[in-house]
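As a plain string of letters, each chain reads:
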Amino acid sequence: MSDILYKLSNITQSYSGKIVLELDSFTIPKGAIIGLAGHNGSGKSTLMRILAFLESPSSGEIIFDDKKIETLETSLRREVTLLTQEPYLLKRTVAGNVAYGLELRGAKNIDNKVRESLNLVGLEPDSFMPRQWFELSGGEAQRVALAARLALNPKVLLLDEPTASLDRESTLLIHDAAVKVREKCGTTLVIVSHDYLWLDDVSDTIFTFAQGHLEY
Ligand SMILES: Nc1ncnc2c1ncn2[C@@H]1O[C@H](COP(=O)(O)OP(=O)(O)OP(=O)(O)O)[C@@H](O)[C@H]1O
Ligand SMILES: [Mg+2]
């Protein structure tokens, strides 16, 4: 077993013939918290979708946990969870949203896990669990979406701008939640943010993108 979780080689991604991402070599160690920075359109979300196995690159090779991704089992893919820039809630209560993935996986003690995850993102369980998806502010909805992912103890958690609509206090909570989930479950995290200071604080290493390339 190596210490490397992702190994990407000679990756390119093109849309309509235009290359938007070009990575010669990019590795992510197990249990790392990796920050991705860079201007709008520099390829960060594209890389996140590739890391989440939601799209295949136009060319190149991805090794995940010592396996070529062509041979990955569906169960392994399920260990990678992406929180997108516009998180989406199910038309259910907050409790229903956070419990959903746990129910699918046949988890035990769902109520406790839901409460624990809401506490991690700073939402008081008793007051938030019964609320409907439309009874939330933007920042609260974003944190419910994050809680739903934290509840699954994922092997990999990919967070695309998790603090974009959050106030200072909530961004500090997200910092702590990221560090805690790594401590507790050994989760590897990749986090995109335009808040460079916050990102620098939470990450072991930051990679900066410019026009689809890594800047050194
Ligand atoms: N599905 C798509 N079809 C065509 N072009 C796309 C698609 N997705 C992204 N792009 C283009 O690829 C480039 C990289 O986009 P990407 O979303 O990865 O940037 P980003 O770094 O996440 O930017 P932001 O900070 O604004 O979120 C942009 O030029 C974008 O217009
Ligand atoms: Mg993006």
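Named according to an unreviewed UniProt entry, the protein is Tungstate transport system ATP-binding protein originating from Desulfovibrio gilichinskyi.

**Student:** Any chance you could explain the side chain of Arg143 here in plain terms?
**Tutor:** Relative to the helices and strands, Arg143 resides in helix H6 (residues 138–150). Buried Arg143, no salt bridge; nearest opposite-charge side chain is Glu140, N-O distance 5.1 Å.

**Student:** What exactly am I supposed to notice about the sheet that holds strand S1 (residues 4–15) here?
**Tutor:** Picture the strands of a sheet paired through backbone hydrogen bonds; they go either parallel or antiparallel. The antiparallel open sheet is built from four strands, whose spatial order is S2-S1-S4-S5. A strand with exactly one partner marks an edge of an open sheet, and here the two such strands are strand S2 (18–29) and strand S5 (67–68). Seen against the sheet, helix H1 (residues 44–51) touches S1, S2 and strand S4 (59–64) and runs at an angle of roughly 125° to S1.

**Student:** Is there a simple way to think about the sheet that holds strand S10 (residues 213–215) in this case?
**Tutor:** Strands sit in the order S6-S7-S8-S3-S9-S10 across an open sheet of six strands; the sheet is mixed. Each having just a single partner strand, strand S6 (80–83) and S10 make up the two edges of the open sheet. Neighbour-to-neighbour, the strand axes of the sheet open up by a mean angle of 25°, direction not taken into account. Note: strand S3 (residues 33–38) against strand S8 (residues 188–192), four bridges, orientation parallel. Bridged to Gly35 within S8 is Ile191. Packed onto the sheet, helix H7 (residues 168–185) meets S3, strand S7 (156–160) and S8 and runs at close to 160° relative to S8.

Cut-offs and rules
Residues numbered from 1 in each chain as written. Chains lettered and ligands numbered in written order. Predicted model: local features only at pLDDT ≥ 70, side-chain atom pairs only at ≥ 80, totals over all residues. Heavy atoms only, no water. Helix = DSSP H or I, 4+ residues; strand = E, 2+ residues; numbered from the N terminus. Buried < 20%, exposed > 50% of the residue type's maximum accessible area, 1.4 Å probe, protein only. Lys, Arg positive; Asp, Glu negative; His and termini not counted. Salt bridge = Lys/Arg side-chain N within 4 Å of Asp/Glu carboxyl O. Pairing = 2+ DSSP bridges. Contact = heavy atoms within 4.5 Å. Axes fitted to C-alpha atoms, helices over the stretch in contact; angles between N-to-C directions.

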